[in-house]
Amino acid sequence: MDFSISHLCSVLIILIAGVAHCLEITSQGPTSIEKASSESVKLDCQFSLAPEDSGPLDIEWSLLASDNQKEDKVVILYSGDRAYEDYYPAVKGRAHFNSADPKNGDASINLTGLKSSDTGTYQCKVKKAPGIRSRKMLLTVMVRPSKPRCSADGPTLEGTDVVLRCTSSEGTNPLQYTWEKTSDNKLLPASAVLDPVGGTMNVRNASTSSSGTYRCTAKNHVGMEECILQLGITPPPNTAGIIAGAIIAVLLALIIIAIILFCCCRARNRKKYEKEISYEIREDVPPPKSRVSTARSFTSVGSQRSSLGSMSPSNLHEYALKPQYDKIPSVEEYERPPSHAPLPPPVASKMAGPNLSRMGAIAVMIPAQNRDGSIV
């Protein structure tokens, strides 16, 4: 029994001594780092070798997959005394070994121009047969808050609830919002209710004393931004005066429309009356006497022409002097008033009966007529 216990103790001592002298990761820094985007970070991985570690040195940095179904991504590699820094396209040109010769015990790397997509768990694995060690580090790349936008919801009237809003479109959570008053007594209204996560401040039953300049600050672990809001609380409007003014305006508009319609109707009636008067004047004018006389003479001549006999040549000169009633007057002669009726053309000379007979004339008897054209 004593032999067995002593044997076990010797074995444990040998094992502990062997472990103490093999490859070890000596870095003691934090395993969780938070950085802002566009900044740089150093992922520390210091190691020490034992005399027994005689194999080739291999250093591998990889980004561990968050899902077990996915594969880890090798970021940078050192093998065969050579560094391979462009292994992972997402960090190409941004990942470098901190030491020009990692064999000296410094396997740390530097990441520059950080992006939010660089967030994840990185593992440093150092292998030198027979020793092998690894170290994991959580890197969180946070985005600074963008400049927030301050605004007031709804009407800023006295006696109402006024909600002030502060919103930052960019920034890694958790974001915290704080409100403060920078004018007057620099005290927030007593009825103000703050929401540091949503970024709102509800001022209940606001009064004119709530007016002033307010500042909202949005911040997270890597930065902060702020905006300024000028709040003015005004008394409620005089609704009775507004209603009365609206009614008066409507009445004035109706009166103007009525006046315009009255003037239009009156002008139209006046034109209609003037046309009727002109028609009545035209109807009262008697027709020209020449029209009746001429028409009557046409009838008389036509009725008597068939009953006329032959006339002696001695009476032909009288026929030549008489107006020719069998000639149809023109439109101008028919419409001309009696006072303007044209006189018959004068007879140049009287022709004797025998001469007319030799010329082939036929004697026609013309009955005597009065001025109205009637046969006597």
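Residues numbered from 1 in each chain as written. Predicted model: local features only at pLDDT ≥ 70, side-chain atom pairs only at ≥ 80, totals over all residues. Heavy atoms only, no water.

## Topic: the overall build of the protein chain
Right, so step 1: When you go through the protein chain residue by residue, the secondary structure sums to six helices and 18 strands.
Right, so step 2: When each of the 376 residues of the protein chain is scored for burial, the buried share is 25%.
Right, so step 3: The contacts in the protein chain between residues at least 6 apart in sequence include a share of 61% that link residues at least 24 apart.
Right, so step 4: Of the roughly 25100 Å² of accessible surface on the protein chain, a fraction of 57% belongs to carbon and sulfur atoms. (Helix = DSSP H or I, 4+ residues; strand = E, 2+ residues; numbered from the N terminus. Buried < 20%, exposed > 50% of the residue type's maximum accessible area, 1.4 Å probe, protein only. Contact = heavy atoms within 4.5 Å. Areas by Shrake-Rupley, 256 points an atom, 1.4 Å probe, with all protein chains shown as cover.)

## Describing a nonpolar patch on the surface
Right, so step 1: Judged by side-chain polarity, I243, I247, V250, L251, L254, I257 and L261 come together as a nonpolar surface patch covering roughly 670 Å² of accessible area.
Right, so step 2: If you trace the backbone, L254 turns up in helix α2 (residues 239–284). (Patch = residues over 30% accessible without salt bridge, like charges linked within 9 Å, V, L, I, M, F, W, Y side chains within 5 Å. Salt bridge = Lys/Arg side-chain N within 4 Å of Asp/Glu carboxyl O.)

## Comments concerning the environment of A152
Right, so step 1: Checked against the element boundaries, A152 lands in strand β12 (residues 149–153).
Right, so step 2: By relative accessible area, which is 34% here, A152 ends up partly exposed.
Right, so step 3: What A152 contacts, discounting residues up to four positions off in sequence, is V163 and L164.

## Comments concerning the pattern of salt bridges
Opposite charge on two side chains allows them to pair when their charged atoms are near.
Right, so step 1: In this structure the tally under the stated criterion is seven salt bridges.
Right, so step 2: When the shortest N-O distance is used, the salt bridge between D81 and K103 registers 3.6 Å. With D81 in the loop between β6 (73–79) and β7 (82–84) and K103 in the loop between β8 (95–97) and β9 (109–111), the pair connects residues that are 22 residues apart, well separated along the chain.
Right, so step 3: With relative accessibility at 55%, the residue D81 sits in the exposed group.
Right, so step 4: Taking the relative accessible area as the measure of exposure, K103 reaches 39% and is therefore partly exposed.
Right, so step 5: Residue R94 is joined to D118 by a salt bridge in which the shortest nitrogen-to-oxygen separation is 2.9 Å. Taken together, the residues span a long stretch of sequence, with R94 in the loop between β7 and β8 and D118 in the loop between β9 and β10 (120–128) at a distance of 24 residues.
Right, so step 6: By relative accessible area, which is 3% here, D118 ends up buried.
Right, so step 7: Linked by salt bridges that have partners in common, E180, R215 and E226 make up one network.

## Concerning the side chain of S168
Right, so step 1: Considering the arrangement of structural elements, one finds S168 in the loop between β13 (162–167) and β14 (176–181).
Right, so step 2: A distance of 2.7 Å separates the side chain of S168 from the backbone oxygen of S146, its partner in a polar contact.
Right, so step 3: The residues touching S168, leaving out its near neighbours within four places in the chain, are P145, S146, P148, Y177 and A218. (Polar contact = N/O pair within 3.5 Å; in protein donor to acceptor, adjacent residues only side chain to side chain.)

## Some details on the side chain of D106
Right, so step 1: Tracing the backbone through its elements, the reader meets D106 in the loop between β8 and β9.
Right, so step 2: There is no salt bridge for the buried D106, and the closest opposite charge comes from K42, which lies 5.1 Å off by N-O distance.
Right, so step 3: Side-chain polar atoms of D106 contact the side chain of Q46, separated by 3.0 Å.
Right, so step 4: A distance of 3.0 Å separates a polar atom in the side chain of D106 from a polar atom in the side chain of N98.
Right, so step 5: Not counting residues within four places of it along the chain, the set of residues in contact with D106 comprises C45, Q46, F47, N98 and S99. (Lys, Arg positive; Asp, Glu negative; His and termini not counted.)

## Focus on the nonpolar core
Right, so step 1: By size, the foremost hydrophobic cluster in this structure holds 27 residues, and its most contacted members are L43, I59, W61, L111, Y122, V126 and L139.
Right, so step 2: Counting only elements with at least two residues in this core, the list comes to β3 (41–43), β5 (57–63), β6, β8, β9, β10 and β11 (131–142).
Right, so step 3: In terms of residue count, the dominant contributor to this core is β5 (four residues).
Right, so step 4: When neighbours within four sequence positions are excluded, Y122 is seen to be in contact with L43, W61, S62, L63, V75, L111, R135, K136, M137 and L139.
Right, so step 5: Within the second largest apolar cluster, 17 residues are counted, among which are C150, A206, C216 and A218. (Core = buried A, V, L, I, M, F, W, Y, C linked by side-chain atoms within 4.5 Å.)

## A closer look at the sheet that holds β12
Right, so step 1: In spatial order, the strands read β12-β13-β16-β15; together these four strands make up an open sheet with antiparallel pairing. The open sheet is flanked by β12 and β15 (192–195), the only strands paired with a single partner. Neighbour-to-neighbour, the strand axes of the sheet open up by a mean angle of 15 degrees, direction not taken into account. (Pairing = 2+ DSSP bridges. Axes fitted to C-alpha atoms, helices over the stretch in contact; angles between N-to-C directions.)

## Comments concerning the sheet that holds β3
Right, so step 1: Taken in spatial order, the three strands of this open sheet run β3-β9-β8, and their pairing is antiparallel. Because the sheet does not close on itself, it has two edges, and the strands there are β3 and β8. When the angles between neighbouring strand axes are averaged without regard to direction, this sheet yields 25 degrees.
Right, so step 2: Summarising the sheet, β8 and β9 pair through three bridges and their orientation is antiparallel. Opposite H96, over in β9, you have N110 as the bridge partner.

## Considerations on the state of the cysteines
Right, so step 1: Within this structure, the stated rule accounts for three disulfides.
Right, so step 2: The disulfide that involves C45 links it to C124, with 2.1 Å between the sulfurs. Given an S-S torsion of about -75 degrees, the disulfide between C45 and C124 has left-handed geometry. Of this pair, C45 sits in the loop between β3 and β4 (47–48) while C124 sits in strand β10, and the two are 79 residues apart along the sequence. (Disulfide = S-S within 2.5 Å.)

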